[in-house]
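# Tertiary structure, described
One-letter residues, chain by chain:
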Amino acid sequence: AVVYLEVLPVNDAPVLDNSGDMVLTTIDEDDIIEAIEKIRENKIVGDLVLVLHPKQYADLLKRDVIKQAMQFGGSEPIRTGVIPELFGVKIVVSDQVPTGSNANGTTYHAMLFAVGQAVGLAVQRDFQIESQKDVGARTIKFVGTLTAGAGVLVPEAACKIITL
């Protein structure tokens, strides 16, 4: 797969994008290694987490390197269908991973980031609890609201991996 680094606008992470290749490509172990390398080149140390779309996760499970579990130290993928860690990176699967499209089809945007460094959460207001009384049903409902936002704080501590 041809992989290139694209610098996005301020407050966005670098991108490994192989979705535009002439040959349809899915995520593989080399993409993860290259993303790790890009973060480490920026002198970012610490634990890393990779958040994947379920389709990308399924593509990883099909890889021979994953099937040959002894290469990374455990039989978990074979026994349970779960990859807990790969190359020292914790794997998280979420259907909230953004998708896009190009001429080759749907693209999936995984994110590798350094824990406690790359992203942040800002709370706009404190958690607020209100009660709502329904006399007819003889119930009281409690409703909680919170306004918060997340964003990339240190772009050098994150890398987006875009695949088909």
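Quick look at the structure, then. Small disclaimer: the values here were computed from a predicted structure and weren't measured. Residue indices begin from 1 for each chain and proceed along its sequence in written order. Totals for whole chains, interfaces and linings use all residues, but because this is a predicted model, local features are given only for residues with pLDDT of at least 70 and pairs of side-chain atoms are given and counted only at 80 or more. To get the side-chain values, all heavy atoms of the structure are used, and hydrogens and water are removed first.

## Quick notes on the nonpolar core
- By convention a nonpolar core is built from buried Ala, Val, Leu, Ile, Met, Phe, Trp, Tyr and Cys residues, the set being connected through side-chain atoms within 4.5 Å. When accessible area is computed with a 1.4 Å probe and restricted to protein chains, residues below 20% of their type maximum are described as buried, those above 50% as exposed, and intermediate ones as partly exposed. Of all hydrophobic cores here, the largest spans 29 residues; its most connected members are Leu50, Leu52 and Leu112.
- The element contributing the most residues to this core is strand β3 (residues 48-52), with five residues.
- Note on definitions: a residue-residue contact is assigned when non-hydrogen atoms from the two residues lie within 4.5 Å. The contacts of Leu112, once residues within four sequence positions are left out, are Ile32, Ala35, Ile36, Ile39, Leu48, Val49, Leu50, Val89, Ala157, Ala158 and Cys159. Numbering of helices and strands runs from the N terminus; a helix is a DSSP stretch of H or I covering at least four residues, while a strand is a stretch of E covering at least two.

## Considering the environment of Ala35
- On the secondary structure map, Ala35 appears in helix α1 (residues 29-41).
- Judged by relative accessible area, Ala35 falls into the buried class, the value being 0%.
- Separated by 76 residues in sequence, Ala35 and Met111 place their C-alpha atoms 9.1 Å apart.

## Description of the pairing of strand β5 (residues 89-93)
- As defined by bridge partners, β3 adjoins β5 across five bridges and the pair is classed as parallel. Following the sheet pairing, Leu50 is matched in β5 by Ile91.
- Should DSSP find at least two bridges between two strands, the strands are regarded as paired. Across two bridges, the pairing between strand β4 (residues 85-86) and β5 is antiparallel. Each bridged residue has a counterpart across the sheet, and for Leu86 the counterpart in β5 is Val89.
- Counted between consecutive antiparallel strands, the loop separating β4 from β5 contains two residues, among which Phe87 sits at a positive phi close to 55 degrees.

## Examining the side chain of Asp28
- Following the sequence through the fold, Asp28 ends up in the loop between β2 (15-17) and α1.
- Among buried charged residues, Asp28 stands out as having no salt bridge; its nearest opposite-charge side chain is Arg63, 4.3 Å away.
- Distance and chemistry together define a polar contact, namely a pair of N or O atoms within 3.5 Å, with one atom able to donate a hydrogen and the other to accept it when in protein, and with adjacent residues in sequence counting only for side-chain atoms on both sides. Among the polar contacts made by the side chain of Asp28, one reaches the main-chain amide nitrogen of Asp30 at a distance of 3.0 Å.
- Polar contacts involving the side chain of Asp28 include one to the main-chain amide nitrogen of Asp31, which spans 3.0 Å.
- Beyond its immediate chain neighbours, meaning those up to four positions away, Asp28 contacts Leu60 and Arg63. Charged residues are defined here as Lys and Arg on the positive side and Asp and Glu on the negative side; His and the ends of the chain fall outside this count. The salt bridge criterion pairs a side-chain nitrogen of Lys or Arg with a carboxyl oxygen of Asp or Glu, the two atoms within 4 Å.

## Digging into helix α2 (residues 54-61)
- Inspection of α2 places Gln56, Tyr57, Asp59 and Leu60 among the buried residues, and these make up the whole buried set. The arc enclosing the buried residues of α2, seen along the axis, measures out at 160 degrees, which places them on a common side. The directions considered for the arc are those from the helix axis to the C-beta atoms.

## Topic: the pattern of salt bridges
- In total, this model carries two salt bridges according to the counting rule given.
- Put simply, Glu29 and Arg63 hold a salt bridge, and the shortest N to O gap is 3.0 Å. On the criterion of sequence distance, the pair formed by Glu29 in helix α1 and Arg63 in the loop between α2 and α3 (64-67) is long-range, its members being 34 residues apart.
- Look at Glu29 and you get buried, because its relative accessible area is 13%.
- The class of Arg63 is partly exposed, set by a relative accessible area of 29%.
- With a closest N to O distance of 2.7 Å, Lys55 and Asp59 form a salt bridge. With Lys55 and Asp59 both in helix α2, this residue pair falls four residues apart, about one helical turn.
- Owing to a relative accessible area of 28%, Lys55 belongs among the partly exposed residues under this scheme.

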